[in-house]
Amino acid sequence: LDAFLLDPHAPAAARVAGALRAISPNATTAGDLARHLGLAPEAVDAALDLLAGLGAADTMPRGEGGGRIARLSARLRVRAADVPPVVGLA
């Protein structure tokens, strides 16, 4: 947490994470995130690198020069879901 808070990309990463949570479980492109959040594409890429390094976002390339795709990590998608936890039967 300390390393995240001291990282200069943390404010952008928090905004990106919030945007990814809003569309979870779907994914989007880095370019769409940049336009939606009014951030420079480089800032979004740095934020996604930070989130991916923490295991908070999954990113992958999108074909030939098509930009990067990102979504919340599986761990966070489960937490962000509006579905109540499953209760086991005894």
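See the structure shown above.
One structure accompanies this document, and this report is about it. What you see is a predicted model, and the numbers here were worked out from it, not measured in a lab.

1. Quick look at the sheet that holds strand S2 (residues 57–61)
Step number 1: If you walk across this open sheet you meet the three strands as S1-S3-S2, and the pairing is antiparallel. Strands with a single pairing partner mark the edges of an open sheet, and in this sheet they are strand S1 (28–29) and S2.
Step number 2: Where helix H2 (residues 10–23) meets the sheet, it contacts S1, S2 and strand S3 (68–72), and its direction lies at approximately 75° from that of S3.

2. So, unusual backbone geometry
Step number 1: Note that the residue after Ser24, namely Pro25, is joined by a cis bond; omega there is 15°.
Step number 2: Relative to the helices and strands, Pro25 is located in the loop between H2 and S1.

3. A word on helix H4 (residues 41–53)
Residues spaced three or four apart along an α-helix face the same direction, because each turn holds 3.6 residues.
Step number 1: Across its 13 residues, H4 extends 18 Å between first and last C-alpha, which sits within 8% of the 18 Å expected from 1.5 Å per residue.
Step number 2: For H4, every residue scored as buried is listed here: Val44, Ala46, Ala47, Leu48, Leu50 and Leu51.
Step number 3: Where the residues of H4 are buried, they touch helix H1 (2–6), H2, helix H3 (30–37), S2 and S3.
Step number 4: Downstream of H4 by a residue or two, Gly55 has a phi angle that is positive, lying close to 75°.

4. Details of the environment of Pro25
Step number 1: For Pro25, a relative accessible area of 53% puts it in the exposed group.
Step number 2: In the structure, Pro25 is positioned 48 residues away from Ser73 in sequence and 9.1 Å away in space, judged by C-alpha atoms.
Step number 3: Residues in contact with Pro25, not counting those within four places in the same chain, are Arg71 and Arg77.

5. Regarding the side chain of Thr28
Step number 1: Within the secondary structure, Thr28 is located in strand S1.
Step number 2: A residue is classified by how much of its surface remains accessible, and Thr28, at 15% relative accessible area, is buried.
Step number 3: Those residues in contact with Thr28, other than ones at most four positions away along the chain, are Leu20, Ile23, Leu33, Arg68, Ile69 and Ala70.

6. As for the pairing of S3
Step number 1: Sheet analysis places S1 next to S3, joined by two bridges and oriented antiparallel. Counterpart to Thr28 in the pairing with S3 is Ala70.
Step number 2: Direction of pairing for S2 relative to S3: antiparallel, over a ladder of five bridges. Looking at S3, one finds that Ala57 is bridged to Leu72.

Rules behind the numbers
- Residues numbered from 1 in each chain as written.
- Predicted model: local features only at pLDDT ≥ 70, side-chain atom pairs only at ≥ 80, totals over all residues.
- Heavy atoms only, no water.
- Pairing = 2+ DSSP bridges.
- Helix = DSSP H or I, 4+ residues; strand = E, 2+ residues; numbered from the N terminus.
- Contact = heavy atoms within 4.5 Å.
- Axes fitted to C-alpha atoms, helices over the stretch in contact; angles between N-to-C directions.
- Expected span 1.5 Å × (residues − 1).
- Buried < 20%, exposed > 50% of the residue type's maximum accessible area, 1.4 Å probe, protein only.

Functional significance is not addressed by these values, which are geometric in nature.
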